[in-house]
Amino acid sequence: MQKGNLSEIAESIKKCQRCDLYKTATHAVPGEGNPQAAVVFIGEAPGFHEDREGRPFVGNAGKYLDMLLLKAGLRREDVFITNVVKHRPPENRDPAPQEIAACSVWLEEQLAAISPKVVVTLGRWSLARYAPKSKISDVHGTPFKTGGVVVLPMYHPAAALRSSQTERQLTEDFLKNKDLLQNPKTADQITETFEKKGQSRLSDGQGSLF
Ligand code: URA
């Protein structure tokens, strides 16, 4: 993957017509944060507020994410936050497989540019990129390494706002992984056990899901 510049990638995302979502969206939401971040958070897709502002996680789920970051000793500016899909799906519907596939080039480019040590997947869509066969309820909170990066699966903050049990679990998962999030270099000590178990597509030579 070519190592592009994050702001150039963002400009390309703003002009993107690779799927139809741009037709109904107000603004593209490329993502934001530290271009040298060791930790990248990947959500699902922009919602109403993100679409209006062109920024990721600025609605209620975003405020909740900010609070979780603080609990783990991080600020938004320390990390990079983006989504699997960069334009809002109408009525916040789930992104369609062809939309995810069309948009994946941007996430690939962003990750190649940032080269993070840890990727935190928020919800099932971003988890599917790394572990398509895994269920979030089985794997949340436990980091695994695949393709040289440590992936930390977490519930989506919006799910935590709907369920107090998920909220408790998400908070616990953040606190449990505070060391990894604050000192992402410790990710180097994690071995590619997940890949060896053959649960990830990256392990069977197919590259990423998209
Ligand atoms: N939910 C997401 O997955 N991403 C956002 O940017 C906002 C809400």
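Fair warning: this is a prediction, and the values are worked out from it, not measured in the lab.

(A) Spatial organisation of the overall build of the protein chain. When you go through the protein chain residue by residue, the secondary structure sums to 11 helices and 6 strands. When each of the 210 residues of the protein chain is scored for burial, the buried share is 46%. The long-range share in the protein chain, meaning contacts at least 24 apart out of those at least 6 apart in sequence, stands at 74%.

(B) Helix H1 (residues 6-14), seen in detail. All buried positions along H1 are accounted for by Leu-6, Ile-9, Ala-10 and Ile-13. Buried residues of H1 fall within an arc of 100° about the axis and therefore sit on the same side. Relative to its buried face, H1 has exposed residues pointing more than 90 degrees away, namely Ser-7 and Glu-8.

(C) Spotlight on the site of the ligand. Close to the ligand lie Gly-43, Glu-44, Ala-45, Pro-46, Gly-47, Glu-50, Pro-56, Phe-57, Ala-61, Gly-62, Asn-83 and Ala-158. Looking at the shell around the ligand residue by residue, the class counts come to 6 nonpolar, 4 polar and 2 charged.

(D) Layout of the sheet that holds strand S3 (residues 80-83). Pairing within the open sheet is mixed, and its 6 strands lie in the order S1-S3-S2-S4-S6-S5. Each edge of the sheet is formed by a strand with only one pairing partner; in this case those strands are strand S1 (32-33) and strand S5 (144-146). Pairing of S1 with S3, which is carried by 2 bridges, proceeds in the antiparallel orientation. Bridge pairing in S3 links Glu-32 to Ile-81.

(E) Layout of unusual backbone geometry. For Glu-91, which is not glycine, the phi torsion reads 60° and is therefore positive. Relative to the elements of secondary structure, Glu-91 occurs in the loop between S3 and helix H5 (97-114). Look at Ser-115: it is not a glycine, yet its phi comes out positive at around 55°. Tracing the backbone through its elements, the reader meets Ser-115 in the loop between H5 and strand S4 (118-122).

(F) Just the nonpolar core, in detail. Core analysis: the largest hydrophobic core is formed by 55 residues, its most contacted members being Val-40, Val-84, Val-118 and Val-120. Here the element with the most residues in this core is H5; it accounts for 7 residues.

(G) Here's a closer look at the pairing of S4. In terms of burial, S4 is a largely internal element, 5 of the 5 residues being buried. Of the two faces of S4, both are covered, the one formed by Val-118, Val-120 and Leu-122 as well as the one formed by Val-119 and Thr-121. Bridge count between strand S2 (residues 39-43) and S4: 4 bridges; the pairing is parallel. Looking across to S4, one finds that Ile-42 is bridged to Thr-121. Relative to strand S6 (residues 149-154), S4 is paired through 5 bridges, and the arrangement is parallel. Its bridge partner lying in S6, Val-119 is registered against Val-151.

(H) The packing of H1 against H5, seen in detail. The geometry of H1 relative to H5 is characterised by a closest axis approach of 10 Å and an angle of 170° between their N-to-C directions. Between H1 and H5, the angle is such that the two are roughly antiparallel. For the pair H1 and H5, contact is made by Leu-6, Ile-9 and Ile-13 and by Trp-106, Glu-109, Gln-110 and Ala-113, respectively. Partitioned by chemical class, the residues of the contact of H1 with H5 number 5 nonpolar, 1 polar and 1 charged.

Cut-offs applied
The residue count restarts for each chain, going from 1 along the sequence in the order it is written. pLDDT decides what is reported in this predicted model: residues at 70 or higher carry local features, side-chain atom pairs at 80 or more are listed and counted, and totals for whole chains, interfaces and linings draw on all residues regardless. The way it works is that DSSP assigns letters per residue, a run of H or I at least four long becomes a helix, a run of E at least two long becomes a strand, and they are numbered from the N terminus. Exposed residues have 12 or fewer other C-beta atoms within 10 Å of their own C-beta, buried residues have 20 or more, and partly exposed residues fall in between, where C-beta atoms are placed from the backbone. The contact criterion used is a C-beta to C-beta distance within 7 Å, with each C-beta placed from the backbone. Working definition: the arc comes from the directions between the helix axis and the C-beta atoms, pointing outward to the latter. Placing a C-beta atom from the backbone of each residue, we mark the residue near a molecule or strand if the atom is within 6 Å of it. Each residue gets one of three labels, nonpolar for Ala, Val, Leu, Ile, Met, Phe, Trp, Tyr, Cys and Pro, charged for Asp, Glu, Lys and Arg, and polar for the others, Gly among them. Two strands qualify as a pair provided that DSSP identifies no fewer than 2 bridges between them. Here, a nonpolar core means buried Ala, Val, Leu, Ile, Met, Phe, Trp, Tyr and Cys residues linked by C-beta atoms lying within 7 Å of one another. A fitted line through C-alpha atoms serves as each axis, taken over the contacting stretch for helices, and the angle formed by two N-to-C directions is quoted from 0 to 180°. The cut-offs work like this: below 35 degrees is roughly parallel, past 145 is roughly antiparallel, 65 to 115 is roughly perpendicular, and the gaps in between are oblique.

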